[in-house]
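Per-entry structural report
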Amino acid sequence: MRQELLSLPKGLAEEVSRNLVMVARLIDEDPEQAYAYARIALRLASRVAAVREAAGFAAYATQKYSEALAEFRASKRMTGSVELWPVMADCERGLGRPERALAMAGEPEVQKLDKAGQVEMRLVAAGARRDMGELDAAIVTLQSPELASNSVQPWTARLRYAYADALLAAGREDEAREWFAKTLEADKDGATDASDRLAEIDGVEFVDAAAVEEEEADLADDLDDADDADDEDEAEVAAAERAADQAEYYDEDDEEYEPLDEADVDVTDEIVVVEDDERDKA
């Protein structure tokens, strides 16, 4: 890529390079944003094969398969390389043309691919078979020396996972479990969800410890708030009772009437004195 960018004026090369770096950085986390950067790079340097390839992968990541296929074809024309052949075939699947993807799997270009590319092509072909409802054929397509090998290569986990998934879809659960377990052995980076698939087959349900802790913390906060509210209610009730004790009705003619000292009466308390005439009217 660097060699290709050197064909551009220095300032333009730097700007294109910055956009391509952002594409690589964002394509997994934010493919839409990566696609936006790819479009900028494409507008600046559409005659650079690396730019066309990056634009193709950005479009592929956002499921714009027709656009991705066009960019991959352009890159292939510029370089003469067949490296993108498997992902081009997968674009055909994305466009709803699995038959075309299968046809590409039988083209001479496949023989020019390295081992990783040939395994990738096999995965695409198996996926095309599944798209067509041919599960048994998909399983047979994946059966290969690479699948049977005990050697762990960069593609091993994905190949085993695809095989296990196809077996499970065909109702061969015991075999699927065995191959999901083998996938897990090869998947050191956690690129697949083989552990979850195994747990699902075994009926094991995982609990998110972080979620449980958060829920318990929320419950504790709710209980604290409830206790505070109860304390406030009790304080209000006690205050009301004290006020009720002081705000009594006094009758001056009552033998038990004893006026309260001013020091004992809160100025906010209401003391109602009922006169004889008012009592008679009542």
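Note that the structure is a prediction, hence the values are computed from the model and not measured.

Here we look at the confidence of the model for the protein chain
- Looking at the protein chain, pLDDT values average 85 and 78% of them are 70 or higher.
- Low pLDDT (under 50) marks residues 267–271, which in the prediction has 6 contacts with non-local residues, meaning those over four places away or in another chain.

Looking at unusual backbone geometry
- A positive phi angle is found at Gln 63, which is not glycine, with a value near 65°.
- Tracing the sequence through the fold places Gln 63 in the loop between helix H4 (49–61) and helix H5 (65–79).

Digging into the packing of aromatic side chains
- What the rule picks out here adds up to 4 aromatic pairs.
- Here Phe 57 and Phe 72 contribute two aromatic rings whose centre-to-centre distance is 5.0 Å and whose plane-to-plane angle is 70°, an arrangement assigned as edge-to-face. Remark: Phe 72 occurs in helix H5 and Phe 57 occurs in helix H4; sequence separation between them is 15 residues.
- Look at Phe 57 and you get partly exposed, because its relative accessible area is 31%.
- Residue classification places Phe 72 among the buried residues on the basis of a relative accessible area of 0%.
- With 5.5 Å between their ring centres and 65° between their planes, Tyr 161 and Phe 180 make a pair best called edge-to-face. Here Phe 180 lies in helix H12 (residues 173–186) and Tyr 161 lies in helix H11 (residues 156–169), a separation of 19 residues in the sequence. When sorted by exposure, Tyr 161 lands in the same class as Phe 180, which is buried.
- Sitting over the face of the ring of Tyr 35, Lys 64 holds its NZ or CZ atom 4.4 Å from the ring centroid.

Quick word on the layout of surface pockets
- If you add up the space inside the largest pocket, you get close to 650 Å³.
- Asp 90, Glu 120, Leu 123, Val 124 and Arg 158 are the residues nearest the centre of the largest pocket, which is lined by 27 residues in total.
- Among the secondary structure elements, those contributing two or more residues to the lining of the largest pocket are H4, helix H6 (85–94), helix H8 (115–131) and H11.
- At 8 residues, the largest contribution of residues to the lining of the largest pocket is made by H8.
- Classifying every residue of the lining of the largest pocket gives 15 nonpolar, 3 polar and 9 charged.

Quick look at the side chain of Arg 160
- Structurally, Arg 160 is set in helix H11.
- Buried and unpaired, Arg 160 has no salt bridge, with Glu 185 as the nearest side chain of opposite charge at 4.6 Å.
- Those residues in contact with Arg 160, other than ones at most four positions away along the chain, are Leu 147, Ser 149, Asn 150, Trp 179, Lys 182, Thr 183 and Ala 186.

Cut-offs applied
Residues numbered from 1 in each chain as written. Predicted model: local features only at pLDDT ≥ 70, side-chain atom pairs only at ≥ 80, totals over all residues. Heavy atoms only, no water. pLDDT = per-residue confidence, 0-100. Contact = heavy atoms within 4.5 Å. Helix = DSSP H or I, 4+ residues; strand = E, 2+ residues; numbered from the N terminus. Phe/Tyr/Trp six-rings, centres within 6.5 Å; stacked < 30°, edge-to-face > 60°. Buried < 20%, exposed > 50% of the residue type's maximum accessible area, 1.4 Å probe, protein only. Lys NZ or Arg CZ within 6 Å of the ring centre and 35° of its normal. 1 Å grid on protein atoms, 1.4 Å probe; cavity = no way out; pocket = protein on both sides within 12 Å on 5 of 7 lines; lining within 4 Å. Points joined across faces, edges and corners; volume = space filled by probe spheres on them. Nonpolar A, V, L, I, M, F, W, Y, C, P; charged D, E, K, R; others polar. Lys, Arg positive; Asp, Glu negative; His and termini not counted. Salt bridge = Lys/Arg side-chain N within 4 Å of Asp/Glu carboxyl O.

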